Structure formats: structure tokens, C-alpha cells
Amino acid sequence: MPDELLRPTIGAGVDMAVRPWRLMSQTYVAFFGGVIASTVIAFLNARRLGVDAAKQRLILGVGAIGLAVVIAAFAVLNTDGDLGSGLRVGIRVVAVVCCLIQLRIQRPMDRAFQLRGTDYGSLWGTGFGVTIAGAVAEALILLLVTVAL
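The shown structure was predicted, so the numbers you read here are calculated from the model rather than taken from an experiment.

Trainee: A description of a nonpolar patch on the surface should follow, citing residues and the corresponding values.
Mentor: Among the surface-exposed residues, Phe 128, Ile 132, Val 136, Leu 140, Leu 143 and Val 147 lie close enough to one another that they form a single nonpolar patch of about 610 Å² accessible area. Here Val 136 shows up in helix H5 (residues 124-148).

Structure below.
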């Protein structure tokens, strides 16, 4: 009978064929794409890392709260209908802060992935597409907020 104590568990419950992305690469997506893009990439990466479902929902919750903060800040600070540079910087700061929280949630499983000794996947194609789609989606939401106000 094999001893359970000696059985490796680092890869347990994780699809080893799909490689996750580097955590700090996700900050670029957050800065250029916004909260929506950051949340999509963090959620997909958490699934690739094998993060449990409760923490995946937490990542989505952080993204939803971040988007609500962006919308509220836009609604309060956008008085003249023009997206000023201060407001744009504030929106990017919210996106990066949300991303850092989401990275913190992914970190334990990322360390387990590092112990496997496998290389990370490339975020270039997916990251570029999600960045553009997230930025467009966020701009459309903020446009709807402008029209509603």
C-alpha cells in the first residue's frame, strides 16, 4: 500500500498542460486596460493556477468593487463631461490597486507553480486582446454613466 505522506501534492487538482502567466505581468493589463481587463486576466490565471472556487469568486468581487469605485468616482468628479487627466490617473490607480489585491489572492498557488519548475505561459496575445476589450468596455460603461447623468 503506497504511503500518502510521500505522495506529491503540489500539482494536485491542477491542469499541468495549461501554463499560468506571471503575476506581475498582469499589472500592465491593469494599467492599460483598467479594472475589467485586470479582473478577467486575474480570474483566468487563477483558474490556470488551480486557485479554489471561493478565492476565484473573491477575485471577481474585488473587480466588481473596483469597477463600482471607478463608476462612482467618474460620476462624482466628471462635472464638465470631459475625462480630465486627474480622473484618468485616478481610474488607473484604482485598477492597479485592485490588481495588486487580486495578485495577493493568487500568490500562494503561484508559489506552488514555481516549485514545479515549469515555465510560465506568454501573456502577450491574450493580454493585448483583453486590454483592448477591457478598455473599450470600461469606456462604454463610463459613456453610459455620462448619458444617464
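Moving on from the coordinates now.
Trainee: Mind laying out the packing of helix H1 (residues 26-33) against helix H2 (residues 35-49), listing which residues take part and the relevant values?
Mentor: Between two packed helices, the angle of one axis relative to the other and the distance separating the axes together describe the packing. The geometry of H1 relative to H2 is characterised by a closest axis approach of 6 Å and an angle of 155 degrees between their N-to-C directions. Regarding the angle of H1 to H2, the classification is roughly antiparallel. Each of Gln 26, Val 29, Ala 30 and Gly 33 in H1 lies in contact with H2, whose residues at this interface are Val 35, Ala 37, Ser 38, Ile 41, Ala 42 and Asn 45.

Trainee: Which residues make up the environment of Asp 52, and what are the values?
Mentor: Within the fold, Asp 52 resides in the loop between H2 and helix H3 (53-77). A residue is classified by how much of its surface remains accessible, and Asp 52, at 43% relative accessible area, is partly exposed. Sequence spacing of Asp 52 and Met 109 is 57 residues, and the spatial spacing of their C-alpha atoms is 9.5 Å.

Trainee: Explain the packing of aromatic side chains to me, and be specific about the residues and the numbers.
Mentor: Given two aromatic rings, one states the distance between the centres and the angle between the planes to describe the pair. The tally for this structure, following the rule as stated, stands at two aromatic pairs. Consider the rings of Phe 113 and Tyr 120, whose centres lie 5.0 Å apart with planes at 50 degrees: the pair is tilted. A relative accessible area of 15% means that Tyr 120 is categorised as buried.

Trainee: Account for the confidence of the model for the protein, naming residues and giving values.
Mentor: For residues with low pLDDT, the predicted coordinates do not support detailed interpretation. Confidence in the prediction of the protein, expressed as mean pLDDT, is 88, and 87% of residues score 70 or more. Of all secondary-structure elements in the protein, the lowest mean pLDDT belongs to helix H4 (residues 85-116), at 92, while H2 reaches the highest, 96.

Trainee: Now, about H3: what can you tell me, with residues and values included?
Mentor: With 25 residues, H3 extends 36 Å from end C-alpha to end C-alpha; this agrees with the ideal 36 Å at 1.5 Å per step. Among all positions in H3, only Gln 56, Ile 59, Val 62, Gly 63, Gly 66, Leu 67, Val 70 and Phe 74 are buried. On its buried side, H3 packs onto H2, H4 and H5.

Trainee: Which residues make up the packing of H1 against H4, and what values do they have?
Mentor: Two numbers describe how H1 lies on H4: the axes approach to 8 Å, and their chain directions differ by 155 degrees. Classified by the angle their axes make, H1 and H4 are roughly antiparallel. For the crossing formed where H1 meets H4, the hand is right-handed. Along its contact with H1, which presents Gln 26, Thr 27, Ala 30, Phe 31, Phe 32 and Gly 33, the element H4 presents Arg 92, Ala 95, Val 96, Cys 99, Leu 100, Leu 103 and Gln 106. Taken together, the residues of the contact of H1 with H4 sort by class into eight nonpolar, four polar and one charged.

Trainee: Break down the side chain of Asp 110 for me, with residues and values.
Mentor: Within the element layout of this structure, Asp 110 appears in helix H4. Within the buried set, Asp 110 has no salt-bridge partner at all; the shortest N-O distance to an opposite charge, 6.7 Å, is to Arg 111. In this view, Asp 110 contacts Leu 23, Leu 49 and Tyr 120; residues no more than four positions away in its chain are not counted.

About the thresholds
Here the residue numbers are simple positions, counted from 1 along each chain's written sequence. Per-residue local features of the predicted model are confined to residues with pLDDT of at least 70, and side-chain atom pairs are confined, for both listing and counting, to 80 or more; whole-chain, interface and lining totals are unaffected and use all residues. Heavy atoms throughout the structure, all of them, feed into the side-chain values; hydrogens and water do not. Patches here are clusters of residues that have more than 30% relative accessible area and form no salt bridge, with a 9 Å joining cutoff for like charges and a 5 Å cutoff for nonpolar side chains (Val, Leu, Ile, Met, Phe, Trp, Tyr). Reported accessibility uses the Shrake-Rupley method at a 1.4 Å probe radius. Residues are deemed covered only where the shown protein chains occlude them. Whenever a carboxyl oxygen of Asp or Glu lies within 4 Å of a side-chain nitrogen of Lys or Arg, that contact is scored as a salt bridge. Here a helix means four or more residues in a row that DSSP labels H or I, a strand means two or more in a row labelled E, and each is numbered from the N terminus. An axis is simply a line fitted to the C-alpha atoms; with a helix, the fit covers only the stretch in contact. Between two such axes, the angle follows the N-to-C directions and lies from 0 to 180 degrees. By definition in this entry, angles of less than 35 degrees are roughly parallel, angles greater than 145 are roughly antiparallel, angles of 65 to 115 are roughly perpendicular, and the rest are oblique. Residue contacts follow a heavy-atom distance rule, with two residues in contact if any of their heavy atoms lie within 4.5 Å. Throughout this description, buried means an accessible area under 20% of the type-specific maximum (1.4 Å probe, protein chains only), exposed means over 50%, and partly exposed covers the range between. Centre distance within 6.5 Å is the pairing criterion for rings of Phe, Tyr and Trp, where only the six-membered ring of Trp is used; planes under 30 degrees apart are then read as stacked, over 60 as edge-to-face, and the remainder as tilted. A residue's pLDDT is the confidence the predictor assigns to it, expressed on a 0 to 100 scale. How far a helix is expected to stretch is found by multiplying one less than its residue total by 1.5 Å. Crossing handedness is read from the near helix: turned anticlockwise from the far helix by less than a right angle, it gives a left-handed crossing, and turned clockwise, a right-handed one. Any residue that is not Ala, Val, Leu, Ile, Met, Phe, Trp, Tyr, Cys, Pro, Asp, Glu, Lys or Arg is counted as polar, Gly included; the first ten are nonpolar and the last four charged. Residues counted as positive are Lys and Arg, residues counted as negative are Asp and Glu, and His and the chain ends are not counted.

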